[in-house]
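Read off the chains here:
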Amino acid sequence: LLQSEKCMFVDSTFFTIFSFPLIEHSNTDVLNTNNGVILTESFAKSLFGNENLLGHKVLLNNRVSYLITGVAKDFDERTHFANPDIILPFTSLTNFFGENYLKQFDMQFFLSGLYVLSKPKVDMKERSDLLLDKVKSWYWLFQDGRSTSLAFKPLKEVYFNPAKFSFGEGIRSGNNVQIILIY
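In this report, the structure presented in the accompanying data block is examined. Here, residues in each chain are numbered from 1, in the same order as that chain's written sequence. Predicted model: local features are reported for residues with pLDDT of at least 70 only, side-chain atom pairs are reported and counted for 80 or more only, and whole-chain, interface and lining totals are derived from all residues. Water and hydrogen atoms play no part in the side-chain values, which are based on all heavy atoms of the structure.

Let's shift gears to the overall build of the chain. For the purposes of this entry, the term helix denotes a DSSP run of H or I that reaches at least four residues, the term strand denotes a run of E that reaches at least two, and both are numbered from the N terminus. A tally of regular secondary structure across the chain gives five helices and six strands. Its helices and strands taken in sequence order, the chain reads β-α-β-β-α-β-β-β-α-α-α from the N to the C terminus. For the chain, buried positions account for 30% of its 183 residues. Think of it in three bands: residues with accessible area under 20% of the maximum for their type are buried, residues over 50% are exposed, and the middle band is partly exposed, with areas taken using a 1.4 Å probe on protein chains only.

And the structure:
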């Protein structure tokens, strides 16, 4: 039985876009299944010691059975993501709340960050209309006229320049006016 409030829901490309290392994994598609879950190293060790966890079934929050498909190295302070205990595919929200959850009215209260991987020197402002057309069909924030434009921020600027809306407990930000160095 796994219980944690530090869960992170991500899309299947998370470990392709970001360089968080997987210590153990069943394959490169660790997030391509609704019933797969990844634990971070410290959380896995606190529960299971040094046991090989791949392929073990666990019950999350006493509700849904998951297969451990990977163990990720803990996220350090050099990222704006707070270290989660459990990483789940975004599509697994339907395991908790039913097949229609991703289409329900309460998705407006579920703000998720949208990260786009581009090639070097690509002007994302030039591409914003094209990307906006793509996300309108599936991202609730751009449906029904709620939002009509995209703004891009390079990842290296995100920590000191957080988004207009807070994306919850899983994101850290800093103050670019005052920095305290301890050495």
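Time to look at the side chain of Thr40. Positionally, Thr40 belongs in strand β3 (residues 36–40). In this structure Thr40 comes out as buried when scored by relative accessible area, which is 0%. Any pair of N or O atoms that falls within 3.5 Å is considered a polar contact. Within protein, one atom must be able to donate a hydrogen and the other to accept it, and sequence-neighbouring residues count only if both atoms are side-chain atoms. A distance of 2.6 Å separates the side chain of Thr40 from the backbone oxygen of Pro84, its partner in a polar contact. The contact criterion used is simple: two residues touch if any of their non-hydrogen atoms lie within 4.5 Å. Not counting the four nearest positions on each side in its chain, Thr40 is found in contact with Val71, Ala72, Asp74, Asn83, Pro84, Asp85 and Ile87.

Let us now look at the pattern of salt bridges. Close approach of charged atoms lets side chains of opposite charge pair. In the sections that follow, a salt bridge refers to a side-chain nitrogen of Lys or Arg positioned within 4 Å of a carboxyl oxygen of Asp or Glu. Under the definition given, this model contains three salt bridges. It is possible to trace a salt-bridge network through shared partners that takes in Glu41, Lys45 and Lys73.

To continue, consider unusual backbone geometry. Working note: non-glycine residues mostly have negative phi, and peptide bonds are mostly trans. Phi angles above zero are rare outside glycine, and Lys121 is one such case at about 70 degrees. Mapped onto the fold, Lys121 is located in the loop between α3 (93–97) and α4 (124–136). Under the relative-accessibility criterion, Lys121 is labelled exposed at 86%.

What follows is about the packing of aromatic side chains. Pairing of aromatic side chains here covers Phe, Tyr and the six-membered ring of Trp, requires ring centres within 6.5 Å, and sorts the geometry by plane angle: under 30 degrees stacked, over 60 edge-to-face, intermediate tilted. Enumeration over the complete set of coordinates arrives at 10 aromatic pairs. Taking 6.0 Å as the distance between ring centres and 70 degrees as the angle between the ring planes, the aromatic pair formed by Phe20 and Phe81 counts as edge-to-face. With Phe20 in the loop between α1 (14–17) and β2 (22–25) and Phe81 in the loop between β5 (64–72) and β6 (86–89), this pair connects stretches of sequence that are 61 residues apart. With 6.5 Å between their ring centres and 70 degrees between their planes, Phe75 and Phe81 make a pair best called edge-to-face. Note on accessibility: Phe75 and Phe81 belong to one class, buried. Clustering of aromatic rings is evident, with ring pairs tying together Phe14, Phe15, Phe18, Phe20, Phe75 and Phe81.

Function cannot be inferred from these measures alone, as they are strictly geometric.
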